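Summary of structural features
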Amino acid sequence: MEATTRFETENSAKYLQQLCKHFAHKVVVTLRETSGECRFSCGTSVLTIADNGLDIHVAAADEEGLRDTKAVIEDHLLRFAFREAPPPFVWRAVT
(Lines give C-alpha, C1' and ligand atoms only; values in the text may rest on other atoms or scores of the structure.)
Protein backbone atom coordinates (compact mmCIF):
# COMPACT_ATOMS: atom_id res chain seq x y z
CA MET A 1 0.00 0.00 0.00
CA GLU A 2 1.24 3.49 -0.86
CA ALA A 3 0.25 7.13 -0.42
CA THR A 4 1.67 10.56 -1.22
CA THR A 5 1.28 14.13 -0.03
CA ARG A 6 3.05 17.45 -0.34
CA PHE A 7 4.00 19.65 2.58
CA GLU A 8 4.03 23.23 1.25
CA THR A 9 7.04 25.12 2.63
CA GLU A 10 9.95 27.30 1.64
CA ASN A 11 12.07 25.25 4.08
CA SER A 12 11.95 21.82 2.43
CA ALA A 13 15.74 21.31 2.47
CA LYS A 14 15.88 22.19 6.16
CA TYR A 15 13.08 19.78 7.07
CA LEU A 16 14.53 16.98 4.94
CA GLN A 17 17.81 17.29 6.86
CA GLN A 18 16.09 17.53 10.26
CA LEU A 19 13.81 14.56 9.71
CA CYS A 20 16.48 12.28 8.30
CA LYS A 21 19.04 13.14 10.97
CA HIS A 22 16.43 12.71 13.70
CA PHE A 23 15.22 9.33 12.43
CA ALA A 24 18.77 8.06 11.77
CA HIS A 25 19.21 7.62 15.52
CA LYS A 26 16.63 4.81 15.51
CA VAL A 27 16.06 3.50 11.95
CA VAL A 28 17.93 3.01 8.69
CA VAL A 29 18.05 6.30 6.77
CA THR A 30 19.54 7.09 3.38
CA LEU A 31 20.06 10.83 2.92
CA ARG A 32 20.92 12.32 -0.46
CA GLU A 33 21.24 15.94 -1.59
CA THR A 34 17.55 16.33 -2.51
CA SER A 35 15.88 13.27 -1.00
CA GLY A 36 15.89 10.90 1.91
CA GLU A 37 14.51 7.47 2.68
CA CYS A 38 13.52 6.33 6.17
CA ARG A 39 12.84 2.64 6.84
CA PHE A 40 10.57 2.25 9.85
CA SER A 41 9.30 -1.06 11.22
CA CYS A 42 5.80 -0.06 10.03
CA GLY A 43 6.79 1.09 6.52
CA THR A 44 9.06 3.27 4.41
CA SER A 45 8.96 6.99 3.68
CA VAL A 46 10.71 8.81 0.85
CA LEU A 47 11.01 12.58 1.22
CA THR A 48 11.93 14.66 -1.83
CA ILE A 49 12.63 18.37 -2.08
CA ALA A 50 10.30 19.99 -4.62
CA ASP A 51 9.47 23.53 -5.69
CA ASN A 52 7.90 25.20 -2.66
CA GLY A 53 7.49 21.99 -0.74
CA LEU A 54 8.50 18.57 0.43
CA ASP A 55 6.98 15.64 -1.44
CA ILE A 56 6.30 12.67 0.83
CA HIS A 57 5.74 9.10 -0.37
CA VAL A 58 4.97 6.34 2.13
CA ALA A 59 4.65 2.61 1.58
CA ALA A 60 3.75 -0.29 3.86
CA ALA A 61 2.67 -3.90 3.67
CA ASP A 62 -0.81 -3.26 5.06
CA GLU A 63 -3.28 -0.54 6.02
CA GLU A 64 -2.15 -0.40 9.64
CA GLY A 65 1.49 0.00 8.63
CA LEU A 66 0.58 2.73 6.15
CA ARG A 67 -1.44 4.60 8.77
CA ASP A 68 1.41 4.33 11.29
CA THR A 69 4.04 5.47 8.76
CA LYS A 70 1.95 8.50 7.81
CA ALA A 71 1.48 9.33 11.49
CA VAL A 72 5.21 9.17 12.26
CA ILE A 73 6.05 11.54 9.40
CA GLU A 74 3.19 13.93 10.12
CA ASP A 75 3.88 14.09 13.84
CA HIS A 76 7.58 14.83 13.46
CA LEU A 77 7.24 17.24 10.55
CA LEU A 78 4.56 19.23 12.37
CA ARG A 79 6.84 19.47 15.42
CA PHE A 80 9.75 20.74 13.31
CA ALA A 81 7.53 23.17 11.34
CA PHE A 82 5.47 24.48 14.25
CA ARG A 83 6.14 28.11 13.27
CA GLU A 84 4.50 27.61 9.86
CA ALA A 85 1.04 26.59 11.12
CA PRO A 86 0.53 24.20 8.18
CA PRO A 87 -2.87 22.98 7.04
CA PRO A 88 -3.83 19.32 7.59
CA PHE A 89 -2.07 16.76 5.42
CA VAL A 90 -4.02 15.55 2.40
CA TRP A 91 -2.90 12.04 1.47
CA ARG A 92 -3.61 10.46 -1.91
CA ALA A 93 -3.52 6.72 -2.42
CA VAL A 94 -1.08 5.49 -5.05
CA THR A 95 -2.59 2.82 -7.27
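Residues numbered from 1 in each chain as written. Predicted model: local features only at pLDDT ≥ 70, side-chain atom pairs only at ≥ 80, totals over all residues. Heavy atoms only, no water.

1. Observations concerning the side chain of Thr4
Rules: Secondary structure elements are defined from DSSP: runs of H or I of at least 4 residues count as helices, runs of E of at least 2 residues count as strands, and each element is numbered from the N terminus. Contacts are residue-level and defined by heavy atoms, with any inter-residue pair within 4.5 Å sufficient.
Relative to the assigned elements, Thr4 resides in strand S1 (residues 2–8). Excluding residues within four positions of it along the chain, Thr4 makes contact with Ile56, His57, Val90, Trp91, Arg92 and Val94.

2. Points about unusual backbone geometry
Of note, the phi angle at Asn52 is positive, near 60°, even though the residue is not glycine. Mapped onto the elements, Asn52 comes out in the loop between strand S4 (44–50) and strand S5 (53–59). Not every positive phi belongs to a glycine, and Ala85 is a case in point at roughly 45°. Assignment of secondary structure puts Ala85 in the loop between helix H2 (63–80) and strand S6 (92–93).

3. Quick notes on the packing of helix H1 (residues 12–23) against H2
Definition in use: Only the contacting stretch of a helix is used when fitting its axis, a line to C-alpha atoms as for every element, and angles between N-to-C directions run 0 to 180 degrees. Roughly parallel here means an angle under 35 degrees, roughly antiparallel means over 145, roughly perpendicular means 65 to 115, and every remaining angle is called oblique. Here is the rule for handedness: rotate from the far helix to the near one, and if that takes an anticlockwise turn smaller than a right angle the crossing is left-handed, while a clockwise turn gives right-handed.
Running from N to C, H1 and H2 point in directions that differ by 120°, and their axes come no closer than 10 Å. Put simply, H1 runs oblique to H2. Relative to H2, H1 is oriented so that their crossing is right-handed. Across from Tyr15, Gln18, Leu19, His22 and Phe23 in H1, the residues of H2 making contact are Val72, Ile73, His76, Leu77 and Phe80.

4. Points about the pattern of salt bridges
Convention followed: Just to be clear on terms, a salt bridge is a Lys or Arg side-chain nitrogen sitting within 4 Å of an Asp or Glu carboxyl oxygen. Residue exposure (1.4 Å probe, protein chains only): buried if accessible area is under 20% of the type maximum, exposed if over 50%, otherwise partly exposed.
The tally for this structure, following the rule as stated, stands at three salt bridges. With its nearest N and O atoms 3.4 Å apart, the salt bridge here joins Arg39 to Glu37. Taking relative accessible area as the criterion, Arg39 reaches 44% and is therefore assigned partly exposed.

5. Concerning the packing of aromatic side chains
Stated formally: Between rings of Phe, Tyr and Trp, where Trp is taken as its six-membered ring, a pair exists when centres lie within 6.5 Å; planes separated by under 30 degrees are stacked, by over 60 edge-to-face, and by other angles tilted.
This model, assessed by the stated rule, comprises four aromatic pairs. Taking the centre distance of 4.9 Å and the plane angle of 90° together, the rings of Phe23 and Phe40 count as edge-to-face. Linking Phe23 in helix H1 with Phe40 in the loop between strand S3 (35–39) and S4, this pair joins segments that are 17 residues apart in sequence. Of the two residues, Phe23 and Phe40, neither departs from the other in class, the shared state being buried. Where Phe89 meets Trp91, the ring centres are 6.2 Å apart and the plane angle is 15°; that geometry is what we call stacked. In this pair, the class of Phe89 matches that of Trp91, namely buried. An aromatic cluster of three or more residues is present, and its members are Phe7, Tyr15, Phe89 and Trp91.

6. What to know about the environment of Leu47
Among the structural elements, Leu47 can be located in strand S4. Under the relative-accessibility criterion, Leu47 is labelled buried at 0%. Leu47 has contacts with Leu16, Leu19, Cys20, Thr34, Ser35, Gly36, Leu54, Asp55, Ile56 and Ile73, leaving out every residue within four places of it along the chain.

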